[in-house]
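Here is how the chains run, residue by residue.
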Amino acid sequence: MCNKFRLIICLLCLFVVSSCGDFLPFDRVYSFGVKNESNQLINFLVGYNYPDTTIPDAYNKRKGVSTNSETPYDSKEKWEVVFKALPSDTLSVFIFSIDDLNKYDWQTVRKEYKILKRYDVSLQDLERLEYLLTYPPTEAMKNVKMYPPYGK
């Protein structure tokens, strides 16, 4: 009888802990990914100041993405919270060629706007794309604001 009682208590505890969701003391991470379907190595950097589309002076916050792979971009906050705190409801994701980053210093990259692409994404864009941005942009991304525009 004692073992059955322990089993029931353990199952109840497991149920309570699993239903706590966001109240658990564990760190949760919310991510979107950048997938590289090009034949070159790329880096990306996220900007939080849209409609200011100046490349952020944050060289050390770039993330690399190898050919045919995906790299996550993480937040400790839910994306809904992040987007509500933005000056606009948009994040800018700057895509760089690793060749340009090796060839030019960071200030030149910023001043001459040496990017392959910039995606200006809303929360709705991320949700619709299932939290995955692809370079080069896919047909599913054609309605995302981007520079240069889709297809160019």
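The rules behind these values
- Residues numbered from 1 in each chain as written.
- Predicted model: local features only at pLDDT ≥ 70, side-chain atom pairs only at ≥ 80, totals over all residues.
- Heavy atoms only, no water.
- Helix = DSSP H or I, 4+ residues; strand = E, 2+ residues; numbered from the N terminus.
- Contact = heavy atoms within 4.5 Å.
- Areas by Shrake-Rupley, 256 points an atom, 1.4 Å probe, with all protein chains shown as cover.
- Pairing = 2+ DSSP bridges.
- Axes fitted to C-alpha atoms, helices over the stretch in contact; angles between N-to-C directions.
- Buried < 20%, exposed > 50% of the residue type's maximum accessible area, 1.4 Å probe, protein only.

**Focus: the overall build of the protein chain**
Then step 1. When helices and strands are tallied, the protein chain shows five helices and eight strands.
Then step 2. What you see in the protein chain, going N to C, is helices and strands ordered as α-β-β-β-β-α-β-α-α-β-α-β-β.
Then step 3. For the protein chain, contacts bridging at least 24 residues in sequence account for 70% of all contacts bridging at least 6.
Then step 4. Accessible surface computed for the protein chain: about 9,600 Å², of which carbon and sulfur atoms make up 55%.

**What to know about the sheet that holds strand β7 (residues 132-135)**
Then step 1. The mixed open sheet is built from three strands, whose spatial order is β4-β1-β7. The open sheet terminates on both sides in strands that have one partner only, identified here as β4 (69-75) and β7. Looking at each pair of strands side by side, their axes are set apart by 20° on average, direction ignored.

**Considering the sheet that holds strand β3 (residues 63-65)**
Then step 1. Sheet architecture is open: five strands sit in the order β3-β2-β5-β6-β8, paired in antiparallel fashion. A strand with exactly one partner marks an edge of an open sheet, and here the two such strands are β3 and β8 (145-147). Across the sheet, the mean angle from the axis of one strand to that of its neighbour is 25°, orientation sign disregarded.
Then step 2. When strand β5 (residues 91-97) meets strand β6 (residues 117-121), the two strands line up antiparallel, connected through five bridges. Following the sheet pairing, S92 is matched in β6 by D120.

**With respect to the environment of Y135**
Then step 1. Inspection of the secondary structure puts Y135 in strand β7.
Then step 2. On the basis of relative accessibility, which here comes to 11%, the residue Y135 falls in the buried class.
Then step 3. As for Y135 and T67, which are separated by 68 residues in sequence, their C-alpha atoms are 10.0 Å apart.
Then step 4. In contact with Y135, other than residues within four places in its own chain, are K35, N36, E37, S38, Q40, I42, I95, L116, K117 and Y119.

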